[in-house]
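A look at the structure
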Amino acid sequence: QVQLVESGGGLVQAGGSLRLSCAASGGTFSNHVMAWFRQAPGKEREFVAVISWNGGSTYYPDSVKGRFTISRDNAVGTLYLQMNSLKPVDTAVYYCAARTRSYEPPFSYPYEYNYWGQGTQVTVSS
């Protein structure tokens, strides 16, 4: 029904920046709450950020708050994650996710999301 494709990952030095994009198709983008998760080797998938259907509300865990910014452009069906002041611990595969539930807790569990992208690798060197 909904297809998500991430892009924008790469290799950066600590302190650098990247902007990830997630292009949505096959559904009504504006009807979905959108989120970013990440997963490092041997680790569970970790919540990174969430944004409401109209972009009016966002939420971040302490691990990225103040460094990462989630945004969306419903006119072009794209979700973004601006990542600044990157650290080696940010190294992971980053996934875009979507759900049709309203913007309400919980946000941070993967099972709350119906659709997932294929992931894009972010590597931060020391």
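Residues numbered from 1 in each chain as written. Predicted model: local features only at pLDDT ≥ 70, side-chain atom pairs only at ≥ 80, totals over all residues. Heavy atoms only, no water.

What about the nonpolar core?
With 27 residues, the main nonpolar core has Met34, Trp36, Leu79, Leu81, Met83 and Tyr94 as its most contacted residues. Breaking this core down by element, the ones donating at least two residues are β3 (18-25), β4 (33-39), β5 (46-51), β7 (68-73), β8 (78-83), β9 (92-99) and β11 (120-125). Element by element, the count of residues in this core is highest for β9, at four residues. If sequence neighbours within four positions are ignored, Leu79 has contacts with Leu20, Ser21, Cys22, Phe29, Met34, Ala35, Trp36, Ile51, Ile70, Ser71, Arg72 and Cys96. (Core = buried A, V, L, I, M, F, W, Y, C linked by side-chain atoms within 4.5 Å. Buried < 20%, exposed > 50% of the residue type's maximum accessible area, 1.4 Å probe, protein only. Helix = DSSP H or I, 4+ residues; strand = E, 2+ residues; numbered from the N terminus. Contact = heavy atoms within 4.5 Å.)

Looking at the sheet that holds β3
Either a parallel or an antiparallel arrangement is found when strands of a sheet pair, and the pairing is made through backbone hydrogen bonds. Reading across the sheet, the four strands line up as β1-β3-β8-β7 and stay open at both edges, with antiparallel pairing between neighbours. A single partner strand is all that each edge strand has here, and the edge strands are β1 (3-7) and β7. The sheet shows a mean angle of 15 degrees between the axes of neighbouring strands, taken without regard to direction. (Pairing = 2+ DSSP bridges. Axes fitted to C-alpha atoms, helices over the stretch in contact; angles between N-to-C directions.)

Some points on the environment of Ala49
With respect to the secondary-structure elements, Ala49 resides in strand β5. In sequence terms Ala49 and Arg38 are 11 residues apart; their C-alpha atoms lie 9.9 Å from each other. Discounting chain neighbours no more than four positions away, the residues touching Ala49 are Met34, Ala35, Trp36, Tyr59, Tyr60, Ile70 and Leu81.

A look at the packing of aromatic side chains
Within the structure shown, the criterion is met by eight aromatic pairs. When the ring of Tyr109 is compared with that of Tyr111, the centres are 5.5 Å apart and the planes differ by 15 degrees; the resulting orientation is stacked. We classify Tyr109 as partly exposed; its relative accessible area is 43%. Put simply, the rings of Phe37, Phe47, Tyr59, Tyr103, Phe107, Tyr113 and Trp116 pair up and form one aromatic cluster. Of note, Arg45 hangs over the ring of Trp116, and the distance from its end group to the ring centre comes to 4.9 Å. When the ring centre of Tyr113 is taken as reference, the NZ or CZ atom of Arg99 above it lies at 5.5 Å. (Phe/Tyr/Trp six-rings, centres within 6.5 Å; stacked < 30°, edge-to-face > 60°. Lys NZ or Arg CZ within 6 Å of the ring centre and 35° of its normal.)

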